[in-house]
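A closer look at the structure
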Amino acid sequence: MAVVVIVTAAFIWLLLPYYGAVLWAVILAILFTPLHRRLLKWLGGRQNLAATISLTVCVCIVVVPVTLILASLAQEAARFYGRISSQELDLAAMLARIRREMPPFILDTLTALNLGNLAEIQARLTSFLLQATQTVAGGAVTFGQNTAELFVSLGIMLYLLFFLFRDGADLTEVLHRGSPLDKRHTSHILSKFSSVVKATIQGNVIIAAMQGAIGGIAFWALGLDGAILWGVLMAVLSLLPAIGAALVWLPATGYLLLSGDYVRGAILLAIGTLVISTVDNLVRPLLVGRGTRLPDYVVLVSTVGGLSLIGMNGFVIGPLIAALFLAVWSLFIDDQSHS
């Protein structure tokens, strides 16, 4: 047992530099397994051909669109950062126009909260926008500089994904036989792993992408600057329960209304309230079964914790660890109750 633990730990340590590629290969294999099974049936059991077609579908649906979005985001962030740093975007005039349109009681409230100083507000807002866009632009530069590493990770992910499609059933059987846990426990944990991956991707990522796309298109159609940047930001914020895309579209609506642009403000408010905010309630039940959903507070804490500790992969790993934690403890409590 000691040898098994040591060798397994050494193998995991070996994979750590490319754990993201391995993680996303497993995630995509789980998501596209139903498609692969249908292809396998239609093709008369030809494993290699079915795996190749499934891999091609993954590349067309996931890899290519994500690459194009990231490239557009990098350009948008760099352009927005340039406009702010060169003062082409006149924040002083914008704040002055908002102040003129504000009702007196709001001005009195801001003064009481020491927020009535336009120069100080402008300095804070400029600093925040510069830091935010510089972070995105800097990440894009780093992303471009690590092109070789990116292609290696992508190659590992696609190569591994092919074999997960082809040999996934056999690998699952090996996990069942090799697990030191009871067969019932192993089946329950593997089932929970698969269901949480599907729930996280289908219920969170797809809905977040929809909300971000709707918000970005609305910003673009209304002629607001940085439509792609704000759309991606809305998509990211939509991953967090109780926070959501309203942190972007609601201040934008307030700015339009307070600056006297009532038509565009009303349109954006209607889109945000009636479309963006209701997508989650309408689409999630269709994508995610009720039994696979974690409580919102668990999703929020685990997602934020995952993002803080691991980075972008944390929005999957965090809820996954939380779900496995709950699954293992529920099994333990059940066994204790029966004994």
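The preceding data block contains the structure.
Keep in mind it's a predicted model, so treat the numbers as computed, not measured.

Conventions we followed
Residues numbered from 1 in each chain as written. Predicted model: local features only at pLDDT ≥ 70, side-chain atom pairs only at ≥ 80, totals over all residues. Heavy atoms only, no water. Helix = DSSP H or I, 4+ residues; strand = E, 2+ residues; numbered from the N terminus. Contact = heavy atoms within 4.5 Å. Areas by Shrake-Rupley, 256 points an atom, 1.4 Å probe, with all protein chains shown as cover. Core = buried A, V, L, I, M, F, W, Y, C linked by side-chain atoms within 4.5 Å. Buried < 20%, exposed > 50% of the residue type's maximum accessible area, 1.4 Å probe, protein only. Phe/Tyr/Trp six-rings, centres within 6.5 Å; stacked < 30°, edge-to-face > 60°. Expected span 1.5 Å × (residues − 1).

**A short note on the overall build of the protein**
A tally of regular secondary structure across the protein gives 13 helices and zero strands. Nonlocal contacts in the protein, meaning residues at least 24 apart in sequence, comprise 71% of its contacts between residues at least 6 apart. Surface accessibility of the protein: about 19,900 Å² in total, with carbon and sulfur atoms responsible for 70%.

**Some details on the nonpolar core**
Generally speaking, soluble globular proteins have nonpolar side chains that are buried together. With 32 residues, the main nonpolar core has Ile27, Phe32, Met157, Leu161, Phe165, Val197 and Ile201 as its most contacted residues. Listed by contribution, the elements that provide at least two residues to this core are α2 (19-42), α3 (47-85), α7 (147-178), α8 (183-221), α12 (296-310) and α13 (314-338). Apart from the residues lying within four places of it in its own chain, the contact partners of Phe32 are Val57, Cys58, Ile61, Val62 and Phe165. Judged by nonpolar contacts, the second largest core, of 15 residues, contains Ala218, Trp230, Ala245 and Ile276.

**Here's the deal with the packing of aromatic side chains**
Scanning the entire structure with this criterion turns up four aromatic pairs. Geometrically, the ring pair formed by Tyr159 and Phe163 is edge-to-face, given 5.0 Å between the ring centres and 65° between the ring planes. You can see Tyr159 and its partner Phe163 sitting in helix α7, four residues apart, about one turn around the helix. Judged by centre distance (6.3 Å) and plane angle (55°), the rings of Phe325 and Trp329 are tilted. With Phe325 and Trp329 both in helix α13 and four residues apart, this pair spans about one turn of that helix. The partly exposed category is assigned to Phe325, whose relative accessible area is 49%. An aromatic cluster is defined as three or more aromatic residues linked by ring pairs; in this entry it consists of Tyr159, Phe162 and Phe163.

**Quick look at helix α1 (residues 2-15)**
Here α1 contains 14 residues, and its C-alpha end-to-end distance of 20 Å stays within 8% of the 20 Å for a straight helix at 1.5 Å per residue. With respect to burial, α1 is a largely exposed element, only zero of its 14 residues being buried.

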